[in-house]
Structure formats: structure tokens, C-alpha cells
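# Structure assessment
Here are the chains, one letter per residue:
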Amino acid sequence: MTYGWMMKESITNRISEYYYQQVDKDNFETLFYWIFLLSGLILTVLTSLMNFILGLSTYTIILPLFSGGFAFATHLLYYKRKKETAALFIIINNNFFFSPFMWLTNSGFKGGFQYFLFLFLIISITVLKGTTRFIIVSLYIMTAFILMIVEANFPEIIMKLSEGNQNNVIDMIFSIILSLIIITVITFILTNLYTYRQRKIIELSIKDPLTKQYNRRYLISALDDLYHSDSQEINNKFAVFIDVDNFKMINDQLGHVEGDKILCNLCKTINDNVRSSDYLARMGGDEFVLILNTENPKIAEKLVKRIVKKAAEETKVTISAGLTPLKGKKNIYDLLEKADKLMYEAKTSGKNRVWLTGESQDDQ
């Protein structure tokens, strides 16, 4: 399993992630509620305007505006206090007042309003929950069937309420265009939100929740892929096993909350002193593994020494590190075992230092 694409993000991805982080603070129901409210308000205004242009009767102009005004007033009265109540009242108004009105006064099927029935049905299913959703959706489907039956058996009623409107083509075009726009917007938002949440799920499975670094699962999976592939990339990497010195004492004296802050600050220091091609993973507790993308041991050693020095300067802790190349190891477990042993030797030799391939380095 390979997650290399997670290491670099384009500007577009970052912008999208920022937007959907805002959306993710709520949920699908809230998002659909806003789509439903705004599209409903636009629809009522455009309907009144269209009926006015077509020269229809006054009530076909006023009633849609009344429906939109009711939805907006309900939103202002209830949304901040109880979102579910606001959503329920607005959907009831839309499904059982505005929808039948539009059907009966816009020539039924010939007016094209049926396109909106599917849209309103999907939104009702998404916004409402539990028994309320089942009842409202069932009643809305029944209402649609009743309207179809009325139109099929009593077409004169539709003609009378539509005032013999002959502009069915205009109504149909209006309905198709507006419904397509709304459906396109919803589909676009949902597609991008789904992609974002899929990325978040993957990220949660491979990132440490505290430090936001890669976790043990990711590291083992990524390195195991390297050891089982024919790629020569393994020859260009070093592993650094890092352990915080006296971390148990820090937790005992300062508390675990402060200890967590120190770990996060340490990760920031490490990331500030490596390149974009390098990455850090938390193995657990105060143990980390840093993967350096270089084939030059001198460069790798220099980088790790700088990290050890910066950690002592910028955080409240010192670290010990063991540095070893990925090349020459049998597998990921052999690599970690050797890197861990080097780190242990750095600790037993005085801490706050780096050991490379079993040879002691100068104190940092």
C-alpha cells in the first residue's frame, strides 16, 4: 500500500481542504439545509417574477413570495435555537404548500415542475432524520401521486388554476435550466466533499492524532513496500530512530498535557530542519522515526546533528538518535531493530547525541 501522494499537496488541494474544513464543522444535513433554503428562496422569487412577466393572476405572484417569506422568517426565528425545527417547518412549507401550488398553477407536467420534485425529495431525505424523515418523505410521495391523479382525471382543474397558460415551453425551459443549475451545484459540492472526507479518512488512518505526523502503521507499510519492490530508492534513504531523553520524568513532573505539548513542539522543530522529501513518523510514546531522502551519510549525519542541537535550543527536552541507512537491511523490522539499538547506545553514552552505524559521535 503506497501513500506517497499524501506527502505533497497542490495549492488547489489546500484551498479545497480549507473550504471543506469549514463545511466539515457541521455535517451533510446542515449543508443541505443551506442549499435547500437558498435555492428555495431563489426559486420563489424567480417564480413570482416569471408569473408577473407572463401576466398571470395576482395570487400566482404573491403566493410564491409568501412561501419564500415564510421560509426566511422560520429560519430567522428557529435556526439559531433549534436547527431541526427550522428545517422541518421549511420543508413542510415547501413540500405541502409551495410544491402543490406550483404544480397546479403551472400546467402540471407540461409546466416542468416535476423536475423539482426529485430535487426536493432528495433534500428532504438528507436534511430530516428518523421517524420524521420517513413520515414527511412518505407524505410527499403520496402528494405527488395525488397531483398526478388529479391532473390525469381532472385536467380542467389544472387548466383553470393555470388560467389557460399557453406558455408551457417557457415554463418547461425555465424549470429545466433552474433545476439543472441547482442539481449541478449540489453534485459538485457533494463530490468534492466526498473526496475531502475520503482523504480525511485516509489521513486519520495514517496520521498520529496528537502530533499530526505519520503513524507506525504508515511507516511500516511505506517501508515494507520499498523492501518488497525492485526500486533502487531504498539505496537513497536513511532512517533515524529518535527518543526523547528523560521523558517519563518530564511527564511525572510537568504532567501529561505539558508532555504532549513538548512532543508537538519537538515535531515542529524536526520538520523545520528537514526537507520536503523527508518525513517523520511517531512510533508511539516519545519515539519517532525520521526518514531522510539522501544517499550521502555525511549529509544525513549533518541533518540529524542539527535537529539534535535545535531540539535542545528550542524545546524543553534533549533527544538521542540512531542513524542508519535503509540499504543492507533484510526488511523493515531489521532496519528498526538496528536503528533502535543505535539510539539506545546514544542514550547510554550520555544522551543528547547521534550514533551512526555503531560509532560514537561527538556530543552535540
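A brief structural summary. (Residues numbered from 1 in each chain as written. Predicted model: local features only at pLDDT ≥ 70, side-chain atom pairs only at ≥ 80, totals over all residues. Heavy atoms only, no water.)

### Some points on the pattern of salt bridges
The following threshold applies: Within this document, salt bridges are pairs made up of a side-chain nitrogen of Lys or Arg and a carboxyl oxygen of Asp or Glu, the two lying within 4 Å of each other. Note on classification: 1.4 Å probe, protein chains only; a residue is buried when its accessible area is under 20% of the maximum for its type, exposed when over 50%, partly exposed between these limits. Per the convention used, a helix needs a DSSP run of H or I reaching at least four residues, while a strand needs a run of E reaching at least two, with both numbered from the N terminus.
According to the stated counting rule, one finds 10 salt bridges in the structure shown. A salt bridge links D278 to R275; the shortest N-O distance between them is 3.0 Å. With relative accessibility at 6%, the residue D278 sits in the buried group. Take R275: its relative accessible area is 32%, and that puts it in the partly exposed class. Two residues, K338 and D334, come together in a salt bridge whose shortest N-O distance is 2.5 Å. Separated by 4 residues within a single helix, K338 and D334 lie in helix α13 (residues 332-348), roughly one turn from each other. Looking at K338, the relative accessible area reads 37%, which means it is partly exposed.

### What to know about helix α4 (residues 83-105)
Convention followed: Working rule for helices: expected span equals 1.5 Å times residues minus one. Throughout, bend refers to the angle between the axes fitted to the seven residues that end at a position and the seven residues that start at it.
The terminal C-alpha atoms of α4, which comprises 23 residues, lie 31 Å apart, in line with the 33 Å expected from a rise of 1.5 Å per residue. N94 marks where α4 bends most, by close to 30°. Downstream of α4 by one or two residues, S107 has phi in the positive range, about 65°.

### Concerning the nonpolar core
Defined as follows: We define a nonpolar core as any set of buried Ala, Val, Leu, Ile, Met, Phe, Trp, Tyr and Cys residues linked to one another through side-chain atoms lying within 4.5 Å.
In terms of nonpolar packing, the biggest core is built from 40 residues, with Y33, L43, F113, F116, F120, I123 and I186 touching the most fellow members. Elements with a contribution of two residues or more to this core: α2 (28-54), α4, α5 (114-127), α6 (130-153) and α8 (168-206). Counting 28 residues, the second largest nonpolar core, distinct from the first, contains V244, L263, V274 and I319.

### A short note on the side chain of S67
Applicable threshold: What makes two residues a contact is simply this: any of their non-hydrogen atoms within 4.5 Å.
When you line up the elements, S67 lands in helix α3 (residues 58-78). Note on S67: relative accessible area 3%, which makes it buried. When near neighbours in sequence (up to four residues on either side) are disregarded, S67 contacts T44, N93, F97 and F98.

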